[in-house]
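Topology and contacts: notes
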Amino acid sequence: MILEAVMLMVRPGMEEEYEEAFRQASEIISSMKGYISHELQRCIEVKGKYLLLVKWETLEDHTVGFRQSIEYQEWKEQLHRFYDPFPTVEHFENIRL
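Residues numbered from 1 in each chain as written. Predicted model: local features only at pLDDT ≥ 70, side-chain atom pairs only at ≥ 80, totals over all residues. Heavy atoms only, no water.

So, about the packing of helix 1 (residues 15-30) against helix 3 (residues 70-79). For the pair helix 1 and helix 3, interaxial distance at closest approach is 9 Å and the crossing angle is 175 degrees. Relative to helix 3, helix 1 is oriented roughly antiparallel. Contacts from Tyr-18, Ala-21, Phe-22, Gln-24, Ala-25, Ser-26, Ile-28 and Ile-29 in helix 1 reach Glu-71, Glu-74, Trp-75, Gln-78 and Leu-79 in helix 3. Class assignment of the residues belonging to the contact of helix 1 with helix 3 gives a composition of eight nonpolar, three polar and two charged. (Axes fitted to C-alpha atoms, helices over the stretch in contact; angles between N-to-C directions. Helix = DSSP H or I, 4+ residues; strand = E, 2+ residues; numbered from the N terminus. Parallel < 35°, antiparallel > 145°, perpendicular 65-115°, else oblique. Contact = heavy atoms within 4.5 Å. Nonpolar A, V, L, I, M, F, W, Y, C, P; charged D, E, K, R; others polar.)

Read from one edge to the other, the open sheet built from four strands follows the order 2-3-1-4, with strand pairing classed as antiparallel. Strand pairing shows two members of the sheet lacking a second neighbour, strand 2 (35-42) and strand 4 (89-93), which therefore form its edges. Averaged over neighbouring strand pairs, the angle between their axes works out to 20 degrees when direction is ignored. Pairing of strand 1 (residues 2-9) with strand 4 involves five bridges; the strand directions are antiparallel. (Pairing = 2+ DSSP bridges.)

Let us now look at the nonpolar core. One finds Tyr-18, Phe-66, Trp-75 and Leu-79 to be the most contacted residues of the largest nonpolar core, which totals 22 residues. Secondary structure elements with two or more residues in this core: strand 1, helix 1, strand 3 (49-56) and helix 3. Counting residues per element, this core draws most heavily on helix 1, which supplies six residues. Ignoring any residue separated from it by four or fewer positions in sequence, one finds Phe-66 in contact with Ile-28, Ile-29, Met-32, Trp-56, Asp-61, Tyr-72 and Trp-75. (Core = buried A, V, L, I, M, F, W, Y, C linked by side-chain atoms within 4.5 Å. Buried < 20%, exposed > 50% of the residue type's maximum accessible area, 1.4 Å probe, protein only.)

Mapped onto the elements of the fold, Leu-8 is located in strand 1. Judged by its relative accessible area of 2%, Leu-8 is buried. Remark: the alpha-carbon pair of Leu-8 and His-38, spanning 30 residues in sequence, is separated by 14 Å. Setting aside chain neighbours within four positions, we find Leu-8 in contact with Tyr-18, Leu-40, Gly-48, Lys-49, Tyr-50, Leu-52, Tyr-83 and Pro-87.

Here is the structure:
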């Protein structure tokens with residue numbers, strides 16, 4: 001399992017519109033091959049800051065299967081206009097303890 005983690009900064013004053021757009025876009029990502037789950041967290045201290053966590057079966061399910069899909073184009077159209085600056089996506093794997 002791979003965890004995609006993204007810190008998102010939404011343009012000031014667009015938070016409510018973003019959250020609604022994200023609710024709608026969630027249908028896109030949740031339909032993709034290799035998708036396990038996702039959650040969006042709103043920062044308490046910094047207005048407009050969010051943390052997106054997505055669990056994928058493999059790294060390629062995200063980087064190839066989703067990112068190179070037609071569905072990703074729709075995801076971009078719905079969400080990318082809200083971000084400033086554009087976010088950096090990082091991937092993590094669990095360490096067995």
